[in-house]
Amino acid sequence: MKETIVSGIRASGRLHIGNYLGALKQFVDLQNAGDHNCYFFIADLHALTTPFEPKELSQNTLEVAADYLAAGIDPDKATFFLQSQVMEHVELGWIFNCLTSLGELQRMTQFKDKSKQHRETINGGLLTYPTLMAADILLYKPTAVPVGDDQTQHVELTRDLARKFNNRFGQTFPEPKTFLRKPLRIMSLSDPMKKMSKTGDDPSAPLGAGALMLDDPPEEILRKLKKALTATDAKEKSPGVANLFLLLDHFGTKDQIKQFSEQQKKNTIKYSELKETLAHQIADHFGKFRTKKTQLLNNPTQIKNTLVTGAAKAQKIASQTLSEVKQKIGLLRSP
Ligand code: AQP
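Residues numbered from 1 in each chain as written. Predicted model: local features only at pLDDT ≥ 70, side-chain atom pairs only at ≥ 80, totals over all residues. Heavy atoms only, no water.

Per an unreviewed UniProt entry, the protein goes by Tryptophan--tRNA ligase. Reading the Subunit (unreviewed entry) entry of the UniProt record for the protein gives the comment "Homodimer." Per UniProt, the protein has the following entry under Sequence similarities (unreviewed entry): "Belongs to the class-I aminoacyl-tRNA synthetase family." (UniProt positions renumbered as here; feature names shortened; annotations may be inferred.)

See below:
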């Protein structure tokens, strides 16, 4: 029997290189390895927890869908769907809300960070994000969850919930592990102490200045990288420089990595050259991706149909798990 894995990405904007290296690239590799049942979704309900505009939300959802597909997610190999089209997520999320203490939710780092970022608009959904995420995951009874390392605390809460549920109501859920090949966090170009983020992390910078989007054209990649914050002390790698080297590890050739690492040690490095090399490598890496994404977005109906088909597939499993849960917790079922 193949093991199951589940993961999702918020429909809060076009995907960036952090989303790609931390999550999407792993999804594609896992799907292509063929030894897992893969469930990948777009978390549009989670996108409601931070400020949104209706028109932007639907466009962002299409953009993220096209990002998934252009990066190589194949709906014939993986179950690929939209969270809001499988209503079982919300039902199980509610049940998990009622099994989770307020203290546990308030302790979540992401809740604390995002409440600071969106002080004016802290809503209930932001607090209960982790219980909906636990439902997103546990509905499919996976053994592992491939996510970036900023999400490990949420997966830990999911494991706690699974254990709590099993102890109280009988064995139902596996306790899924975080599937991290190598902990990896890409930092913002404009504020390298914060992670690269879709929704913009630096209120003083224009939205998206800190993030390299997967479909950014080459000139935009170069422009953003040229402005990336680098060292103040050339001997020590500043967080900004460390971040550029992290990107070079993923997108540079062996020779380029060797050359710039030696120059860094000898203190002869020119960051402008490092940035230009990186811009060239990244633009090149995503060349085919950009073409594919443009083609996909030219046909939004096809994207929507793909998602509907995926939701029907996901719902078959999700509805089985939900009815098992309802029965175990004593909700009266129809005769
Ligand atoms: N900077 C990052 N480095 C590595 N991995 C990252 N991920 C996000 N940012 C980085 C991983 O991408 C997946 C999808 O994330 P998400 O959209 O569901 O939530 P997020 O972590 O809140 O992502 P963003 O980009 O920061 O979006 P916004 O601005 O909407 O909050 C996750 O697996 C995450 O770990």
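The structure having been displayed, the exposition proceeds.
1. Re the nonpolar core
Taken as a class, soluble globular proteins show a tendency for nonpolar side chains to be buried jointly. Counting 60 residues, the largest nonpolar core has Ile17 and Tyr68 as the members making the most contacts within it. Top contributing element to this core by residue count: helix 2 (residues 54-71), with nine residues. Core analysis: the second largest hydrophobic core is formed by 31 residues, Phe96, Tyr140, Ala314 and Val325 among them. (Core = buried A, V, L, I, M, F, W, Y, C linked by side-chain atoms within 4.5 Å. Buried < 20%, exposed > 50% of the residue type's maximum accessible area, 1.4 Å probe, protein only. Helix = DSSP H or I, 4+ residues; strand = E, 2+ residues; numbered from the N terminus.)

2. Quick notes on the side chain of threonine 49
Following the sequence through the fold, threonine 49 ends up in the loop between strand 2 (36-43) and helix 2. Among the polar contacts made by the side chain of threonine 49, one reaches the main-chain carbonyl oxygen of histidine 46 at a distance of 2.6 Å. Setting aside chain neighbours within four positions, we find threonine 49 in contact with Arg10, Asn123, Gly125, Leu126 and Tyr129. (Polar contact = N/O pair within 3.5 Å; in protein donor to acceptor, adjacent residues only side chain to side chain. Contact = heavy atoms within 4.5 Å.)

3. Observations concerning helix 10 (residues 239-251)
Here helix 10 is 13 residues long and its end C-alpha atoms lie 18 Å apart, about the 18 Å a rise of 1.5 Å per residue gives. On its buried side, helix 10 packs onto helix 1 (17-33), helix 9 (218-226), helix 11 (254-266) and helix 12 (271-285). (Expected span 1.5 Å × (residues − 1).)

4. Some details on the environment of alanine 209
Mapping alanine 209 onto the fold places it in the loop between strand 5 (177-178) and helix 9. With 20 residues separating them along the chain, alanine 209 and leucine 189 place their C-alpha atoms 7.3 Å apart. Setting aside chain neighbours within four positions, we find alanine 209 in contact with Leu189, Ser190 and Lys224.

5. Quick look at the UniProt feature "binding site: L-tryptophan" (unreviewed entry) in the protein
Residues given the UniProt feature "binding site: L-tryptophan" (unreviewed entry) here are Asp136. When you line up the elements, aspartate 136 lands in helix 7 (residues 129-138). Residue classification places aspartate 136 among the buried residues on the basis of a relative accessible area of 1%.

6. Regarding the pairing of strand 3 (residues 79-82)
The alternating pattern of strand 3 places Thr79 and Phe81 on one face and Phe80 and Leu82 on the opposite face, and all of these are buried. Pairing of strand 2 with strand 3 involves four bridges; the strand directions are parallel. Bridged to phenylalanine 40 within strand 3 is phenylalanine 80. Regarding the hand of the β-α-β motif, the stretch spanning strand 2, helix 2 and strand 3 is right-handed. (Pairing = 2+ DSSP bridges. Right-handed = clockwise from strand over helix to strand, strands pointing away.)

7. Considering the pattern of salt bridges
One pass over the structure, following the stated rule, counts 18 salt bridges. Put simply, lysine 195 and aspartate 150 hold a salt bridge, and the shortest N to O gap is 2.8 Å. Linking lysine 195 in the loop between strand 5 and helix 9 with aspartate 150 in the loop between strand 4 (144-145) and helix 8 (152-169), this pair joins segments that are 45 residues apart in sequence. By relative accessible area, which is 31% here, lysine 195 ends up partly exposed. With a relative accessible area of 26%, aspartate 150 lands in the partly exposed category. The salt bridge partner of arginine 159 is glutamate 175, with a shortest N-O separation of 3.9 Å. A residue pair is termed long-range when its members are at least 10 positions apart, and arginine 159 in helix 8 and glutamate 175 in the loop between helix 8 and strand 5 qualify at 16 residues. (Salt bridge = Lys/Arg side-chain N within 4 Å of Asp/Glu carboxyl O.)

8. Let's talk about the site of the ligand
Around the ligand there are 22 residues in total, and Ser12, Lys114, Asp150, Lys198 and Thr199 lie nearest to it. Aspartate 150 places a polar side-chain atom, nitrogen or oxygen, 2.4 Å from an oxygen atom of the ligand. With the chains in place, 98% of the 640 Å² that the ligand exposes on its own is no longer accessible. The set of elements that each furnish at least two residues to the shell around the ligand consists of strand 1 (3-10) and helix 1. Looking at the shell around the ligand, the element that brings in the most residues is helix 1, giving four residues. (Near = heavy atom within 4 Å. Areas by Shrake-Rupley, 256 points an atom, 1.4 Å probe, with all protein chains shown as cover.)

9. Looking at the UniProt feature "short sequence motif: 'HIGH' region" (unreviewed entry) in the protein
Within this numbering scheme, the UniProt entry marks residues 11-19 as carrying the feature "short sequence motif: 'HIGH' region" (unreviewed entry). Here residues 11-19 runs as 33% helix and 0% strand, with 12 Å between its end C-alpha atoms.

10. A word on the packing of aromatic side chains
Tallied over the full model, the rule gives 12 aromatic pairs. Measuring from centroid to centroid gives 4.5 Å for phenylalanine 27 and phenylalanine 40, while their planes differ by 10°, and the two rings are stacked. Placement of phenylalanine 27 in helix 1 and of phenylalanine 40 in strand 2 is noted, with a sequence separation of 13 residues between them. The class of phenylalanine 27 is buried, set by a relative accessible area of 0%. Between tyrosine 68 and phenylalanine 80 the ring centres are 4.8 Å apart and the planes differ by 50°, which places this aromatic pair in the tilted class. In this pair, tyrosine 68 sits in helix 2 while phenylalanine 80 sits in strand 3, placing the two residues 12 residues apart along the sequence. (Phe/Tyr/Trp six-rings, centres within 6.5 Å; stacked < 30°, edge-to-face > 60°.)

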